Amino acid sequence: MSKLRSASAANIGMLVSGMRRVALVTGASTGIGLETAHGLAQRGFSVVLCGRHAQRLEGARTSVQAIAPSAEAQSIQSDFASLAQVHNLARDFLSRFHRLDVLINNAGTWVPKRRESVDGHEYTFAVNHLAPFLLTELLLPLLKETGRRSGSPSRVVFVSSRLHRRPSEFPFGDVHNQRRYRGIVAYAQSKLANVMYANELARRMRNTEVTSNSLHPGEVATHIVRHHPILRHAIRFARPFLQDPARGAKPSIFVATSPELKQTTGAYFHACKMRAPNPYAQREDAQDRLRALCVQLTRASQQTLLERPSGPTQENSWTTPSTSS
Ligand SMILES: NC(=O)c1ccc[n+]([C@@H]2O[C@H](COP(=O)([O-])OP(=O)(O)OC[C@H]3O[C@@H](n4cnc5c(N)ncnc54)[C@H](OP(=O)(O)O)[C@@H]3O)[C@@H](O)[C@H]2O)c1
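The shown structure was predicted, so the numbers you read here are calculated from the model rather than taken from an experiment. (Residues numbered from 1 in each chain as written. Predicted model: local features only at pLDDT ≥ 70, side-chain atom pairs only at ≥ 80, totals over all residues.)

A.B. asks: Quick rundown of the sheet that holds strand S4 (residues 102–105)? Include the residues and the values.
C.D. replies: Backbone hydrogen bonds are what pair the strands of a sheet, in a parallel or an antiparallel way. In spatial order, the strands read S3-S2-S1-S4-S5-S6-S7-S8; together these eight strands make up an open sheet with mixed pairing. Strands with a single pairing partner mark the edges of an open sheet, and in this sheet they are strand S3 (73–77) and strand S8 (273–275). Each neighbouring strand pair of the sheet contributes to a mean axis angle of 25°, computed without reference to strand direction. As judged from the five bridges shared by strand S2 (residues 46–51) and S3, these two strands associate in the parallel manner. Pairing of Cys-50 across the sheet is with Ile-76, part of S3. Taken strand by strand, helix H8 (residues 245–257) contacts strand S1 (22–26), S4, strand S5 (154–159), strand S6 (210–216) and strand S7 (268–270), and its axis lies near 155° from that of S5. (Pairing = 2+ DSSP bridges. Helix = DSSP H or I, 4+ residues; strand = E, 2+ residues; numbered from the N terminus. Axes fitted to C-alpha atoms, helices over the stretch in contact; angles between N-to-C directions. Contact = placed C-beta atoms within 7 Å.)

A.B. asks: I'd like a description of the site of the ligand, backed by residues and values.
C.D. replies: Around the ligand, the structure places 27 residues, and the nearest of them are Gly-27, Gly-31, Phe-80, Gly-108 and Thr-222. Ranked by residue count, the leading element in the shell around the ligand is helix H2 (residues 31–42), at three residues. Across the shell around the ligand, the residue classes break down as nine nonpolar, 14 polar and four charged. (Near = placed C-beta within 6 Å. Nonpolar A, V, L, I, M, F, W, Y, C, P; charged D, E, K, R; others polar.)

A.B. asks: Which residues make up the nonpolar core, and what values go with them?
C.D. replies: Formed by 79 residues in total, the largest nonpolar core has its most connected members in Ala-23, Val-25, Ala-37, Leu-40, Val-47, Leu-49 and Leu-139. Top contributing element to this core by residue count: helix H5 (residues 123–150), with 14 residues. Sequence-distant contacts of Ala-23, that is, excluding residues within four places in its chain, are made with Leu-40, Phe-45, Val-47, Asp-101, Val-102, Ile-104 and Ala-256. (Core = buried A, V, L, I, M, F, W, Y, C linked by C-beta atoms within 7 Å. Buried ≥ 20, exposed ≤ 12 C-beta atoms within 10 Å, placed from the backbone.)

A.B. asks: If you had to explain the pairing of S2 to someone new, which residues and values would you point to?
C.D. replies: The buried count for S2 comes to six of six residues, which makes it a mostly enclosed element. Across five bridges, S1 lies against S2 in parallel orientation. Along S2, the bridge assignment pairs Val-25 with Leu-49. Regarding topology, H2 serves as the crossover connection from S1 to the parallel S2, and that connection is right-handed. This β-α-β element, S2 to helix H3 (residues 54–67) to S3, shows right-handed connectivity. (Right-handed = clockwise from strand over helix to strand, strands pointing away.)

The structure is reproduced here in structure tokens:
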């Protein structure tokens, strides 16, 4: 990893001085995220791959470089089950790159048994929503600045799921699913939170140079259900009926790069078609309440970091809802 870092540090000047657009893809070591990184590199982006496993990440970075030899591919390791690591990811990115044109919030997980993140939050909600929420907020100033300077809005894309339609509302009374945990319910709630936040962000960023959209990638043969005792076997039989990850990456690439979507914001896509999301995800009062909750839950991590001598600098701190837009 340190080797990777020093190699990338040497390239920073080139990345910044060149006119290449920069894309950050989370969950890029496998599945839809890896194929999204391939597609963006082939379209001329400098791609920064984010993942939690050093070896898998380096394999992914090498494959991007092989598929698009003229592209820049860098990587940053971060486990989204720790908000401190999300802070480190943002800090590392901001120290290495001076522009961010596309942020693909793709990393996601599904866990059948209830567990908690390092910060004591329910794991699925922490990885699928709190981490991308915090990452996006920390990178927002650079996204705005890039959009303003390049004359083309920067794009934030949330890889949600059609399962976001399943809950009738977000469970504000039991955010951490302490009453009765069911993997699919926790997953669907986290994906509903993705769409709500994408819409809230679009609203908050309306007069800035940042767009925010969410999508369902389709039914894709990946390892998303690897922790499920039954589904991980069942998927082998379902494979012929599922899309391959390259096809599953198409919606993310489409929403991130299509010229016709330059000004589109606050939209939800099912595959590459714009669709109405769960009506609950459109409710502004619920969106605002969710944002306030996420600010509160992630501010604790900010506080912990600031208390540590090695915590992030003041420039990396982010502000409250009322002052951050
Ligand atoms: N496959 C589908 O049919 C489908 C349908 C709807 C939505 N989606 C969404 O599509 C996105 C991509 O999933 P996928 O299908 O491509 O599954 P996948 O192959 O399992 O990819 C998920 C990615 O997220 C990363 N990730 C998981 N937990 C993480 C953590 N704690 N910290 C950092 N990264 C973590 C994984 O990294 P590791 O390799 O280290 O585990 C992996 O790179 C997810 O958000 C998923 O919810 C998928």
